[in-house]
Amino acid sequence: MLRLEGRGDFITQAICHGSYGCSLPAEFRCEDCFGTELYCQPCTLEKHREHPLHRIKHWKDEFFHAVTLKSLGLRIQLGHPTQERCYNPAACQDFIVLHVNGVHEVALDFCGCETAQSPTTQLLRIRWFPATVLEPKTAATFKLLRHFHILSFESKVSTFEYWQTLTRLTHNRGVVVVKDRYDALLRMIREWRNITLLKRFGRGHDPAGTGATEQGSCAVLCPACPQPGKNLPENWESAPPETRWLYALFLAIDANFRLARKNVSSDQMDPGLNRGWAYFVEERQYKTFLTDVGRCPQEKSTCASHNAVNLAETKNSRGLAATGAGTVDCSRHNFKRPCGVGDLQKGEKYVNMDYLFFSTMQYTGDIAVLNISYDIACQWSTNLWQRMHRYPSTIHLRHHDNKTITFLVPKFHLPAHIDICQITYSHNLLKGMGRTDGEAPERGWANINPVATSTREMGPGSRRDTLDDHFGDFNWKKVTNMGVSLSRKLKAAVPERDQHVRDFEDFDNALQHERPEQVAEWRLAVEKWESDSSQENPFALTGKHMSLDSLTQAAVRLSLSQQEADNLEHGMDDSLHEEVSRSVLISSGMEIEDQQCRLARDIELLGGHPTDLQRTKLQERSNILRRKIEQWSKVQLLYMPVVARLRASDIPTSRTHSTEEKVHEIELWLPSKIYGDAADPVHQCDATLCQYEWELRRAQAYDALDELRRHLRLRAHLYKFKDAHIRGQRANTRASAIIDKVESNVSVAAARYRRAWSALEHLSFALSRTTWKEEFPKLENDDIRGMSQGKPGQSSGNRTLSWIWKARGIASDAPEGETVLNESLRIEWCKSRARATRWVEEVQLLREEMRRVAAYLLWHAAWWDAQADRRTGLALAEVEGIRGYAKRQAAVRRDLHDTFLSKWGAVNGIF
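All values reported here derive from a predicted model rather than from experimental measurement.

Across the protein chain, pLDDT averages 86, with 87% of residues at or above 70. Every residue in residues 544-550 scores below 50 in pLDDT, and together they form 17 contacts with partners more than four places removed in sequence or on other chains. Low pLDDT (under 50) marks residues 808-817, which in the prediction has 24 contacts with non-local residues, meaning those over four places away or in another chain.

As structure tokens, this is what we get:
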């Protein structure tokens, strides 16, 4: 680099070699031409008549000085060939040209001949974009405008930052002040965006001109979504119900409050150029609609306390003309929909989102199946059609009663809803959804959010045009990547489908063997619900049966407390303490037992060199737990006097007064412990206490099994995710730490079940329960495995399902246990079937989408071919340009079609 600061290889060159016979000194070097050879001034000018925007350096005073071609005498002639001069030029001495290498001041001669075009036309024909149509003094090269256009899409650079870059490329020393053309650059870029948009959508090929441009006609459509007349097979409208879901349109609605706009300028001062041609709705119609119907009060949420609903009226809008933007996207492929974006004036109000939804629905054609995802769909959809009838008929969704419309909640947002919403609006449970998650808008916001810092300062029209441009580029990149994205999705979906189908078949076969009639009933119920959503939801707990929560410890404690309350009403009070009853004594004792186990585990995990802070926290927990045990033990003696003798005999003789028993090792002497360890028949306790502990231990066992199954499912998911997505040492270390924590939770749940099982075994002798082990088998280490895992050494062909997933044979003396198990198995069977079905659907959807993309590209190529000859009566040069652009666009679509088919052919050949 330092060598190039001098003349380098040409240090000994004294005279110019630029032309034959030239003997002038070689002192000038071009920074933009190939090579570093030096030339004289006349040769430099001659070489740069076709490159008037190159940067020149002059070797003088032992270093290179920056000079301009204008200062060397170069004049740029427009309207004539390069070597030809106009006999009547219109000179412009200080014309400014913006190029990718800086800001240039040039000497320009417009053609003044009788046949000369306007100055604007002369500039455009040399690919210079004028800043104004009246006496232009500034222009930007097409190369610069294209460069900024793409750069802004990829880096989200603002126009101001780009202008600062140009000024520094021109002069980076702070000595020379570059003429300010920032405002002119803003104007040229905005006009370039608008003209490029119209060009790309064939508006220059329409004999009616740009004035006939229809709303939404300049949006890049999703080629994988169903587009009637473009990519759907013949007679798709009469498809049987079994396959009609394949032609569904998936939509997702969301709002983004990062895309706010400050209250600067107005539509009168800064009108939009697009006027609803692309993604933003037409502003005048939108505001008229909001003025007419926007005063309706917002309905309050009856689900969870959704801020998007309840706080829509209170969104802080001080200093903002728009608090954000709402959008309707293609849910499966993340495309912005035509006329599906609009500003939010004050929060995410129904009236705004309704207009955007109904506006973009005007471009769906005759699609009869609609799947609409919205994070507050449970509330928004309730009175949607009643609200629609209050709106202008121009935006009504025609024949909506004859369409199959399903409302859903995106998967990430669904857990925030109440239980009934989680099974009513779930993508995972509803037929025809494949593996759609409904979170497409969230991924799209990640691409557009970096633009928000610059668009929030813009006027309304500039902001809409800029965002429209970015949305269009985002959609186009999705189109060009369809070959890779759909191929990658299918490669991932086919193995997942096969795995989940096998898992379901294994589970189904195990249950078919044990309870075939019930499985047949479940299958019939699911199929009825899938064909008619008004039928009883098979994923819901049935009202006629006991809730699955009825055998949790909390539910059993409530039941025992209610029994004691009934006894009090009938005058049968056998409590020996005014605050602690028998059931409270046993339940609180079991809670203390759990706390002891947690404390013992934390002490074990402490390690050999704990910090003072760690030891302090454990000591504080130990002190609190010791005080609890002391208080509980005093009450225990009232109900169980025998415990005093047992405690006295349990004190080791080797323990001194200074050695205190560790709190997590203190024996509580619950009834199960008494009957398990005390051989003396005198060591007995109240039968009621034994019965209470029996009920609570059964509930504890159910709780532990549920917890164990949940952590095993989570562990299986984490292992799959780690294998598929985690790369690198740091990421693997973090993933392993999370899996280790889940493994620890599996061990804790298993230990809790074993404690409950051991207590039940001891109590069964006192209560004469003989068949309880059929309800609660003993948990061996080999039993702790996932649903799709077999025992060690078992192959996939002879793999057996662990009893924890099917729990065969329930004790006859516990009829409620059979009901609970039946409900649990029914819901688990339905979910397992749904998982397998969704993956089967996903593979079918992906293959249908591949077919649709190929068909759409061929249709679009034919459409461009048809545009080539629409304009007549033009000059030959214009006709050739119009035809050439149309043919090139058609060729682009056919190239994409052929490239995609080659990728997909390999994938479909494998699967």
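What follows is about the sheet that holds strand β4 (residues 75-77). One open sheet accounts for five strands, arranged β4-β6-β5-β8-β7; its pairing is mixed. Taken across any chain shown, the strands that pair with only one partner, and hence form the sheet edges, are β4 and β7 (128-130). Across the sheet, the axes of successive neighbouring strands diverge by a mean angle of 40°, strand direction being ignored. As defined by bridge partners, strand β5 (residues 90-99) adjoins strand β6 (residues 102-110) across eight bridges and the pair is classed as antiparallel. Along β6, the bridge assignment pairs Val-97 with His-104. Sheet strands in contact with helix α4 (residues 159-170) are β5 and β6, and its direction is about 80° off that of β6. Of the strands in this sheet, β5, β7 and β8 (138-141) are in contact with helix α5 (residues 182-200), which crosses β7 at around 110°.

Time to look at the pairing of β6. Most of β6 sits inside the fold, with eight of its nine residues counted as buried. Direction of pairing for β4 relative to β6: parallel, over a ladder of three bridges. Paired with Ile-76 across the two strands is Leu-108, which belongs to β6. As consecutive antiparallel partners, β5 and β6 are separated by two residues.

The next thing to look at is the nonpolar core. Counting 84 residues, the largest nonpolar core has Phe-357, Phe-358, Trp-380 and Phe-407 as its most contacted members. Top contributing element to this core by residue count: helix α9 (residues 350-360), with seven residues. The residues contacting Phe-358, other than those within four sequence positions of it, are Leu-384, Trp-385, Met-388, Tyr-391, Ile-395 and Leu-397. With 50 residues, the next largest nonpolar core counts Met-590, Tyr-702, Ala-749 and Ala-756 among its residues.

In this section: a positive patch on the surface. Taken together, the side chains of Arg-127, Lys-143, Arg-146, Lys-199, Arg-200 and Arg-888 present a region of like positive charge at the surface. Looking at the positive patch, the elements that each hand over two or more residues are α3 (142-155) and α5. When you line up the elements, Lys-143 lands in helix α3.

Moving on, we come to the pairing of strand β3 (residues 63-67). As paired elements, strand β2 (residues 56-60) and β3 share five bridges and run antiparallel to each other. Bridge pairing in β3 links Ile-56 to Val-67. Following β2, the chain reverses through two residues before pairing antiparallel with β3; Asp-61 in that reversal takes a positive phi of roughly 60°.

Let's shift gears to the side chain of Asp-468. Mapping Asp-468 onto the fold places it in helix α15 (residues 460-480). Put simply, Asp-468 is tucked away with no salt bridge, and the nearest opposite charge, on Arg-464, sits 6.8 Å away. Sequence-distant contacts of Asp-468, defined by excluding residues within four places in its chain, comprise Asn-274, Ala-278, Tyr-279 and Phe-280.

The rules we used
- Residues numbered from 1 in each chain as written.
- Predicted model: local features only at pLDDT ≥ 70, side-chain atom pairs only at ≥ 80, totals over all residues.
- Heavy atoms only, no water.
- pLDDT = per-residue confidence, 0-100.
- Contact = heavy atoms within 4.5 Å.
- Pairing = 2+ DSSP bridges.
- Helix = DSSP H or I, 4+ residues; strand = E, 2+ residues; numbered from the N terminus.
- Axes fitted to C-alpha atoms, helices over the stretch in contact; angles between N-to-C directions.
- Buried < 20%, exposed > 50% of the residue type's maximum accessible area, 1.4 Å probe, protein only.
- Core = buried A, V, L, I, M, F, W, Y, C linked by side-chain atoms within 4.5 Å.
- Patch = residues over 30% accessible without salt bridge, like charges linked within 9 Å, V, L, I, M, F, W, Y side chains within 5 Å.
- Areas by Shrake-Rupley, 256 points an atom, 1.4 Å probe, with all protein chains shown as cover.
- Salt bridge = Lys/Arg side-chain N within 4 Å of Asp/Glu carboxyl O.
- Lys, Arg positive; Asp, Glu negative; His and termini not counted.
- Charge placed at Lys NZ, Arg CZ, Asp CG, Glu CD.

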